[in-house]
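# Breakdown of the fold
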Amino acid sequence: MAYCISDECLNCGACEAECPVSAISAGDGKYVIDPDTCISCGACEGVCPVGAPHEA
């Protein structure tokens, strides 16, 4: 199951740089994850300072 990013996102970009398949991009006020590209590896969750990425 793909990850998604909650509203707690600080828009810092740490998750985008960590994603091995480039599924994360800047959205409107927070980063977003493309569920069709996400491989559910959890790399984004590990680097987020507020734990915004989580499994959907």
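Residues numbered from 1 in each chain as written. Predicted model: local features only at pLDDT ≥ 70, side-chain atom pairs only at ≥ 80, totals over all residues. Heavy atoms only, no water.

To be explicit about the condition: UniProt positions are given in the numbering used here, feature names are shortened, and annotations may be inferred rather than shown by experiment.
An unreviewed UniProt entry annotates the protein chain as Ferredoxin originating from Ligaoa zhengdingensis. In UniProt, the protein chain has this text filed under Cofactor (unreviewed entry): "[4Fe-4S] cluster". In its Function (unreviewed entry) section, UniProt records this for the protein chain: "Ferredoxins are iron-sulfur proteins that transfer electrons in a wide variety of metabolic reactions."

### Remarks on empty space enclosed by the protein
Where empty space is left can be seen by rolling a probe of water-molecule size over the atoms. Spelled out, the test is: The method works on a 1 Å grid over the protein atoms by themselves. A cavity is a set of points holding a 1.4 Å probe that cannot get out, a pocket is an open set with protein on both sides within 12 Å along at least five of seven lines, and residues with an atom within 4 Å of a point line them. Grid points are joined across faces, edges and corners, and a volume is the space filled by probe spheres set on the points. Charged means Asp, Glu, Lys or Arg here, nonpolar means Ala, Val, Leu, Ile, Met, Phe, Trp, Tyr, Cys or Pro, and polar covers whatever is left, Gly included.
A complete count under the given rule lists two cavities of 30 Å³ or more for this structure. In this structure, the largest cavity encloses a volume near 80 Å³. Lining the largest cavity are 13 residues; nearest its centre among them are Cys 19, Ile 24, Cys 38, Cys 41 and Cys 44. Classifying every residue of the lining of the largest cavity by side-chain character gives eleven nonpolar, two polar and no charged. One number sums up the size of the second largest cavity: a volume of about 60 Å³.

### Digging into unusual backbone geometry
How we decide: Starting at the N terminus, helices and strands are each numbered in turn, a helix being any DSSP run of H or I of at least four residues and a strand any DSSP run of E of at least two. Each residue is placed in one exposure class: buried if its accessible area under a 1.4 Å probe, protein chains only, is under 20% of its type's maximum, exposed if it is over 50%, and partly exposed if it falls in between.
Positive phi is not limited to glycine here, since Ser 22 has a value of about 55 degrees. Note that Ser 22 resides in the loop between α1 (14-18) and β2 (24-26). With relative accessibility at 61%, the residue Ser 22 sits in the exposed group. Of note in the backbone geometry, Ser 40 takes a positive phi value of approximately 55 degrees without being a glycine. Mapped onto the elements, Ser 40 comes out in the loop between β3 (31-33) and α2 (43-47).

### Description of the nonpolar core
Defined as follows: Here the nonpolar core consists of buried residues drawn from Ala, Val, Leu, Ile, Met, Phe, Trp, Tyr and Cys, with membership extended through side-chain atoms lying within 4.5 Å. Every residue pair with non-hydrogen atoms within 4.5 Å of one another is taken to be in contact.
In terms of nonpolar packing, the biggest core is built from 14 residues, with Ile 5, Cys 15, Ile 24, Tyr 31, Ile 33, Cys 38 and Cys 44 touching the most fellow members. Only β1 (3-5) and β3 provide two or more residues apiece to this core. Aside from chain neighbours lying at most four places away, what touches Tyr 31 is Ile 5, Cys 9, Asn 11, Cys 12, Gly 13, Cys 15, Glu 16, Ile 24, Ser 25 and Ala 26.

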